[in-house]
Amino acid sequence: MKGMITIDKELCKGCTYCIGACPFGVIAVDERFNKKGFFAASPANPDKCTGCCMCARMCPEVAIEVYREE
Ligand code: SF4
Ligand code: SF4
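Summary of the structure given here. (Residues numbered from 1 in each chain as written. Chains lettered and ligands numbered in written order. Predicted model: local features only at pLDDT ≥ 70, side-chain atom pairs only at ≥ 80, totals over all residues.)

1. Re the overall build of the protein chain
A count of helical and extended segments in the protein chain gives 2 helices and 4 strands. Secondary structure elements of the protein chain, listed N to C terminal, follow the sequence β-α-β-β-α-β. The C-alpha radius of gyration computed for the protein chain amounts to 11 Å, which stays within 12% of the reference 11 Å derived for 70 residues, consistent with globular compactness. Each of the three principal axes of the protein chain carries a C-alpha extent, and together these read 35 × 20 × 20 Å. (Helix = DSSP H or I, 4+ residues; strand = E, 2+ residues; numbered from the N terminus. Rg over C-alpha atoms; globule rule 2.2 N^0.38 Å.)

2. Some points on the site of ligand 1
In the vicinity of ligand 1 there are 15 residues, among which Cys22, Val26, Cys49, Cys52 and Cys55 approach most closely. Mapped by element, the contributors of at least two residues to the shell around ligand 1 are strand E1 (2–7) and helix H2 (54–58). Residues that form the shell around ligand 1 fall into these classes: 12 nonpolar, 3 polar and no charged. (Near = placed C-beta within 6 Å. Nonpolar A, V, L, I, M, F, W, Y, C, P; charged D, E, K, R; others polar.)

3. Quick word on the environment of Lys2
Within the element layout of this structure, Lys2 appears in strand E1. Look at Lys2 and you get partly exposed, because 13 C-beta atoms sit within 10 Å. When the C-alpha atoms of Lys2 and Cys52 are compared, they prove to be 9.3 Å apart, with 50 residues separating the residues in sequence. Setting aside residues up to four positions removed in sequence, Lys2 forms contacts with Gly51 and Glu69. (Buried ≥ 20, exposed ≤ 12 C-beta atoms within 10 Å, placed from the backbone. Contact = placed C-beta atoms within 7 Å.)

4. So, the site of ligand 2
In the vicinity of ligand 2 lie 15 residues, with Cys12, Cys15, Cys18, Ala41 and Cys59 positioned nearest. Elements with a minimum of two residues in the shell around ligand 2: helix H1 (17–21) and strand E3 (39–43). Per-class residue counts for the shell around ligand 2 are 11 nonpolar, 2 polar and 2 charged.

So this is what it looks like as structure tokens:
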């Protein structure tokens, strides 16, 4: 299954929980910090996303939305 995520970088606090939760290495830390001064998470390898939702379930800020292509 093909998936896609979006991350609201201004909600992100850079905890990296989503990076650890993703089994496919889709997410990485962004090179630039957000308005709060955190290095936000970013979907660096979007082609590998399966839409499994593990990242979104882990995010304490509800910053991640997951989409699936059936
Ligand atoms: S939906 Fe699954 S595969 Fe896609 S980024 Fe999140 S944890 Fe990784
Ligand atoms: S889990 Fe949420 S708050 Fe933490 S780094 Fe990922 S997107 Fe940001």
